[in-house]
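Spelled out, the chains give:
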Amino acid sequence: VFGVYYCIVLLAQNELKGSDKMGFTLKALRVNAGLSRPNLIERLKAEKGVELKVGTLANYENMNTAPDVITAKALASFYNVSVDDIIFLSVFKAAL
């Protein structure tokens, strides 16, 4: 429930542009999963064999940089969504 609320509040506070959706989606997916950035990084390494730094993940979520294909696929697999969903997922779908 908190994750859904979080997404709706962010939507109300921000008008998301297309380029911002991926970062917003990545953060929404992480928050909805109940994970901090360090928790997600630990699980990605253990479950998907992908190593990230907290700053790198923050850059993805803040749209300063985008994940490479391998990382995008690992994130999609981890969250059980497609890479297309990470890039184009609507805020309300992310909240489900």
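Further up the page is the structure itself.
Only a predicted model underlies this, so the values are computations on that prediction, with no experimental measurement involved. (Residues numbered from 1 in each chain as written. Predicted model: local features only at pLDDT ≥ 70, side-chain atom pairs only at ≥ 80, totals over all residues. Heavy atoms only, no water.)

Enquirer: Would you take a moment to explain the nonpolar core for this structure?
Expert: Proteins that are soluble and globular tend to have nonpolar side chains buried together. Counting 17 residues, the largest nonpolar core has Leu40, Leu75 and Ile86 as its most contacted members. Where this core is concerned, the elements lending two or more residues are helix 2 (21-32), helix 3 (37-48), helix 4 (54-61) and helix 5 (69-79). Here the element with the most residues in this core is helix 5; it accounts for 5 residues. (Core = buried A, V, L, I, M, F, W, Y, C linked by side-chain atoms within 4.5 Å. Buried < 20%, exposed > 50% of the residue type's maximum accessible area, 1.4 Å probe, protein only. Helix = DSSP H or I, 4+ residues; strand = E, 2+ residues; numbered from the N terminus.)

Enquirer: Teacher, can you tell me more about helix 5 here?
Expert: Residues lying three or four places apart along an α-helix face the same way, a consequence of the helix completing one turn every 3.6 residues. Considered for burial, the residues of helix 5 that qualify are Thr71, Ala72, Ala74, Leu75, Ala76, Phe78 and Tyr79. At the N-terminal boundary of helix 5, the capping side chain belongs to aspartate 68, with an oxygen 3.3 Å from the backbone nitrogen of isoleucine 70. Backbone geometry just downstream of helix 5 places asparagine 80 in the positive-phi region, at approximately 60°. (Polar contact = N/O pair within 3.5 Å; in protein donor to acceptor, adjacent residues only side chain to side chain.)

Enquirer: It is not clear to me how the side chain of arginine 30 should be interpreted in this structure. Could you clarify?
Expert: Relative to the assigned elements, arginine 30 resides in helix 2. Residue arginine 30 is classed as buried on the basis of its relative accessible area of 8%.

Enquirer: Would you take a moment to explain the environment of alanine 28 for this structure?
Expert: In this fold, alanine 28 is placed in helix 2. For alanine 28, a relative accessible area of 1% puts it in the buried group. Residues alanine 28 and glutamate 61, 33 residues apart in the sequence, show an inter-C-alpha distance of 9.1 Å.

Enquirer: Even after reading the chapter, I still don't get the side chain of threonine 71, so can you show me in this structure?
Expert: Here threonine 71 lies in helix 5. In this structure threonine 71 touches Val50, Leu52 and Tyr60, once residues within four positions along its chain are discounted. (Contact = heavy atoms within 4.5 Å.)

Enquirer: Explanation requested: the packing of helix 3 against helix 4 in the structure shown.
Expert: In a pair of packed helices, the angle between the axes and the distance between the axes together describe the arrangement. Two elements in contact, helix 3 and helix 4, have axes separated by 10 Å at closest approach and are oriented at 110°. Comparing the axis directions of helix 3 and helix 4 gives the class roughly perpendicular. Only Val54, Leu57, Ala58 and Glu61 of helix 4 make contact with helix 3, whose side of the interface consists of Arg37, Pro38, Leu40 and Ile41. Here the contact of helix 3 with helix 4 is composed, by residue class, of 6 nonpolar, no polar and 2 charged. (Axes fitted to C-alpha atoms, helices over the stretch in contact; angles between N-to-C directions. Parallel < 35°, antiparallel > 145°, perpendicular 65-115°, else oblique. Nonpolar A, V, L, I, M, F, W, Y, C, P; charged D, E, K, R; others polar.)

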